[in-house]
Amino acid sequence: MALGLVSATVAPAQGAPVAPARAVPASVIPGAGNLTGRLTLEQRVGQLFMTANTATGVDPAVTALIRGRHIGNVMLSGRSSAGIGATAAVSRDLQATAGAATGGYRLAVGTDQEGGAVQVLRGPGFSTIPSALTQGTWSDATLRSSAAAWGRQLLYAGVTVDLAPVADTVPSPRFAPSNAPIGAFARQYGYTPAQVSAKSRAFAAGLRDAGVAPTPKHFPGLGRVTGNTDTTAGVTDRQTTRTDPYLQPFRDQVAAGARWMMVSTAYYSRIDAARPAAFSPTVLSGMLRSDLGFGGIVISDDLCNAKQVAAWTPAQRAVNFIGAGGSMVLCASPTMTAQMYDAVLARARSDSAFAAKVNQAALIVTRTKATSGSPSIPSSADLIARGSNNDLLDYAGSGRGTVLPARRIGTGWGAMRSGATVDYNGDGTFDIVASFTGGDLKLYPGYNGGGFAPPVTIGRGWGGYQVIPGTWIDAARYPGVVAKSPDGRLLYYANPSAGTTAAGTLIASSWPAVETVMLDTDGDGHADLLARTGDGLLRLYRGDGAGRLTGAPTVVGRGWNRIRGMTVVHGFTAPTSTGLLATFDDGSLRYYPVAAGRVSGGPTVGSGWTRMTTLR
């Protein structure tokens, strides 16, 4: 097949697709990463830190930490009234720094959004959240639904972890003004462990409903102290014991599925008088891990600017915390974060027992991040299809070569001409890019907690185009769109800002395929194209990673003229597998493994697909 292979920027001709005059930025909702490749020791250590970045802009010191020291988590700190859109831009820019530096794992982006005096994010789109003491007067159902709404606002802003709720019990209203960290600011949900447990669990459940990870705090409790560990040294709880009733809110949070837990830096003289809780193996490994059975991320309270830990060097603080059984150091100072990282890395290199603790902590952090959230399209093994009633359906891949029963993820998709699933805005969650009757090309950003944001028009005049979104150029920050034009050309449209399309670049001047999909067929790290033509041939066109086709096409299949649609799936039969799911004229659904540049015959995995329209 003769093709004219060229690379040139193409000015939009009359009727060619163009970006909208005023592109609307996509909502960005970073999800915890879903990659599970091996990490270097340096990258594992980086996962054990959450450093502070101002909520109002990207701190170059923080991006330097992400790139240079592989820091895997950030906290939006201070106070911002900029609103959801501006905060989402900060989150997006921070996420864009991650990637290779963090071993493919997305950043966990946290903030303090309790309500009342402790609400970092305000402004357009954010609710004003009342204090926990006020929330505690609401019914559990009302509090849960309200927290879910607040959680969705965080997701829209790119925040995946809320460092809340407070699960500390203040003994009485009379004592509250003397309780500097909690009661003085009405951060408690009530004055009994039962009340605090019920309301803090309702708040946490609402956040989980929204796809945001709650972080109950400050184990084993700050409700009985008088000093504030942020501003005072020597803060000591002289009442709480290892079997204290005031531990019940934390115990109940673990039973309810908490996957993050923040530990206090106060001393507890009746538990471990010699060490602050964050440095105490008795508290972290004994009480939290063993007594309560907590298996998630143990994050410290601030170990950098807090006066309570000022007697230790930054290096000692981080090593002590990880050594005691902690998982993630929270540090409000980028400068100290660098010192702490260097100390933990050096200790891990010289001490095998400490290195084992680093590895265990990194495993807990990455597993937790990889399985957080409940997006509508959870896996690249899933097949997405439009049913005859115009519902959008997710057929989850079992990982063992079968599709599970359909789950409805959308309604009213009748005007869609074609679509594809892709993480178009680079937030770790699958989106949908679809063309519609009338010629609009739209992006539906997926929420990590499920559902999709309102559509963003990323191009107009796309009527008659075949659209194949994906990462065609290796160096591109975000996936773009390869498209066959109505006049038979193949073009590439870059996505320069997480939710747009740029001017087209010509890939081939003649492209007679009736359907094309994009995937790496031979494991060389570059995207290739599989194209089927009307004569039933399936051809492989290899890409060079720089936007060009290389070499002559190879015929890899025959008899493909009875196929109605092809979808690329990963992990359908095994974690590292790649293949095609194809629907046929007879309604059958078949799987074809793809490896080493070849497409093999595979089994029939379904029937009755005649009236289904599959997304690529």
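Remember, it's a predicted structure, so these values are computed and weren't measured experimentally.

**Examining helix 5 (residues 140-156)**
An ideal rise of 1.5 Å per residue puts 24 Å on 17 residues; helix 5 measures up with 24 Å between its terminal C-alpha atoms. Of all the positions in helix 5, only Leu143, Ser146, Ala147, Ala148, Trp150, Gly151, Gln153, Leu154 and Leu155 are classed as buried. Buried residues along helix 5 sit in contact with helix 3 (84-97), strand 4 (108-111), strand 5 (113-115), helix 4 (132-135), strand 7 (161-162) and helix 6 (193-210). Positive backbone phi, at 90 degrees, marks Gly158, one or two positions downstream of helix 5.

**Observations regarding empty space enclosed by the protein**
Following the criterion strictly, the structure yields two cavities of 30 Å³ or more and no others. Space inside the second largest cavity adds up to approximately 50 Å³. Considering the residues around the second largest cavity, the lining is formed by Asp168, Thr169, Pro220, Gly221, Leu222, Gly223, Arg224, Asp237, Thr240 and Tyr246. When grouped by side-chain class, the residues that make up the lining of the second largest cavity number three nonpolar, four polar and three charged.

**Topic: the packing of helix 9 (residues 314-324) against helix 10 (residues 334-350)**
The interhelical angle for the contact between helix 9 and helix 10, taken along N-to-C directions, is 55 degrees, at an axis separation of 8 Å. If you check the angle between helix 9 and helix 10, you find them oblique. Note that helix 9 runs across helix 10; the crossing there is right-handed. On helix 10, the residues that touch Pro314, Ala315, Arg317, Ala318 and Val319 of helix 9 are Met336, Gln339, Met340, Ala343, Val344 and Arg347.

**So, the pairing of strand 32 (residues 589-595)**
Taken across its seven residues, strand 32 has five buried, putting it largely inside the fold. Across five bridges, strand 31 (residues 578-584) lies against strand 32 in antiparallel orientation. Each residue of the ladder has a partner; that of Ala582, found in strand 32, is Arg590. Hairpin connection of strand 31 to strand 32: four residues between the antiparallel strands, including Gly587 at a positive phi of 90 degrees. Looking at chain direction, strand 32 and strand 34 (residues 604-606) are connected through two bridges and run antiparallel. Bridging across to strand 34, Arg590 finds its partner in Thr604. In the sheet, strand 32 pairs with strand 33 (residues 598-599) via two bridges, with the strands oriented antiparallel.

Calculation notes
Residues numbered from 1 in each chain as written. Predicted model: local features only at pLDDT ≥ 70, side-chain atom pairs only at ≥ 80, totals over all residues. Heavy atoms only, no water. Helix = DSSP H or I, 4+ residues; strand = E, 2+ residues; numbered from the N terminus. Expected span 1.5 Å × (residues − 1). Buried < 20%, exposed > 50% of the residue type's maximum accessible area, 1.4 Å probe, protein only. Contact = heavy atoms within 4.5 Å. 1 Å grid on protein atoms, 1.4 Å probe; cavity = no way out; pocket = protein on both sides within 12 Å on 5 of 7 lines; lining within 4 Å. Points joined across faces, edges and corners; volume = space filled by probe spheres on them. Nonpolar A, V, L, I, M, F, W, Y, C, P; charged D, E, K, R; others polar. Axes fitted to C-alpha atoms, helices over the stretch in contact; angles between N-to-C directions. Parallel < 35°, antiparallel > 145°, perpendicular 65-115°, else oblique. Left-handed = near helix turned anticlockwise from the far one by under 90°. Pairing = 2+ DSSP bridges.

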